[in-house]
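Observations on the model geometry
Single-letter residue listing:
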Amino acid sequence: MRHYTKILIWENKRRLIKLIEFRDFVIAYFDNDRTEWNMDSRIIEITPSEARREINQSVQEVHSIILQSGINPTLKWIPPAAIGGYVQNVNLIHDIFNLDGFFEIKPDHVLDMIDRAIGIYESNANRARFRIFNPFFYIGLVLDFISDLPFITLGKLGFNRQKARTSAVGRLVKGVLFLIPVFAALLTTLHHLGYLDLVKQFVHEFLGTENAN
């Protein structure tokens, strides 16, 4: 799943709908007295057990959608002094059914995070619409795909693709692979414009000066 700044308006709207629906299911599950809410201009009745099923089916995708909005869905949990224990990083989405019980974290924290993600996607909608007509956006997608090929291969081989991509070596490899096509395209453009020989001459003179020093 791509970052929210690298998607078009259709994907932007799809993620918004998914977040809004997930928010409604969270409300339906945790608010047992509320059995109705408005969704797509219809009143839908749903039980907490049905809402739990819908949450479980959507939790992984919603987690990715929130991550790609730039929001970290984890919360540092410090146990009460009377109980004791150790500090934990609690994932508000993956651990959603354990929050109110074991961790004593109110569902409002989940709703706040979802609302923040919704706001980010809504505020980026116009930019997502503009990307449809931006040729540099599509060039960037191609470059991203090329630089991501080694990690796709690692994923196919059973390695942790995300861990490899976010490691220091992985970021370096991705950056180099991203720049190689850019550099090649720049040289091609200079060649067609007739400036490549001038650039070569400048580089040779620069390196010669450096060597002389």
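Our subject in this report is the structure included herewith. (Residues numbered from 1 in each chain as written. Predicted model: local features only at pLDDT ≥ 70, side-chain atom pairs only at ≥ 80, totals over all residues. Heavy atoms only, no water.)

Topic: unusual backbone geometry
- You will see that Glu 104, though not glycine, has its phi angle at about 55 degrees, which is positive.
- Residue placement: Glu 104 occurs in the loop between helix 3 (99-103) and helix 4 (108-123).
- You can call Glu 104 exposed: its relative accessible area is 57%. (Helix = DSSP H or I, 4+ residues; strand = E, 2+ residues; numbered from the N terminus. Buried < 20%, exposed > 50% of the residue type's maximum accessible area, 1.4 Å probe, protein only.)

Describing the packing of aromatic side chains
- One pass over the full model with this rule turns up 5 aromatic pairs.
- Ring geometry for Tyr 4 against Tyr 121: centres 6.1 Å apart, planes inclined by 75 degrees, an arrangement best described as edge-to-face. One end of the pair, Tyr 4, is in the segment before helix 1 (9-30); the other, Tyr 121, is in helix 4, with 117 residues separating them in the sequence.
- In this structure Tyr 121 comes out as buried when scored by relative accessible area, which is 0%.
- For the pair Trp 77 and Phe 103, a centre-to-centre distance of 5.0 Å together with 80 degrees between the ring planes defines the contact as edge-to-face. Residue Trp 77 is found in strand 3 (residues 74-77), and its partner Phe 103 is found in helix 3; the two are separated by 26 residues along the sequence. This pair shows no difference in class: Trp 77 is buried, exactly as Phe 103 is.
- A connected cluster of aromatic rings, assembled from ring pairs, spans Tyr 29, Phe 30 and Phe 97.
- Positioned above the aromatic ring of Phe 97, the side-chain terminus of Arg 52 is 3.9 Å from the ring centre. (Phe/Tyr/Trp six-rings, centres within 6.5 Å; stacked < 30°, edge-to-face > 60°. Lys NZ or Arg CZ within 6 Å of the ring centre and 35° of its normal.)

Description of the nonpolar core
- Counting 33 residues, the largest nonpolar core has Leu 19, Phe 22, Ile 66 and Ile 114 as the members making the most contacts within it.
- Considering every element that reaches this core, the biggest residue donor is helix 1, with 8 residues.
- When residues no more than four places from it in sequence are discounted, the contact partners of Phe 22 are Ile 55, Ser 58, Val 59, Val 62, Ile 93, Ile 96 and Ile 114. (Core = buried A, V, L, I, M, F, W, Y, C linked by side-chain atoms within 4.5 Å. Contact = heavy atoms within 4.5 Å.)

Brief notes about the packing of helix 1 against helix 2 (residues 48-67)
- Helix 2 packs onto helix 1 with a crossing angle of 140 degrees between their chain directions and a minimal axis gap of 9 Å. The way helix 1 lies across helix 2 gives a crossing that is left-handed. Along its contact with helix 1, which presents Arg 14, Arg 15, Lys 18, Leu 19, Phe 22, Phe 25, Val 26, Ala 28 and Tyr 29, the element helix 2 presents Pro 48, Ala 51, Arg 52, Glu 54, Ile 55, Ser 58, Val 59, Glu 61, Val 62, Ile 65 and Ile 66.
- Looking at the contact of helix 1 with helix 2, its residues break down into 13 nonpolar, 1 polar and 6 charged. (Axes fitted to C-alpha atoms, helices over the stretch in contact; angles between N-to-C directions. Left-handed = near helix turned anticlockwise from the far one by under 90°. Nonpolar A, V, L, I, M, F, W, Y, C, P; charged D, E, K, R; others polar.)

None of the figures reported here should be taken as evidence of function without further support.
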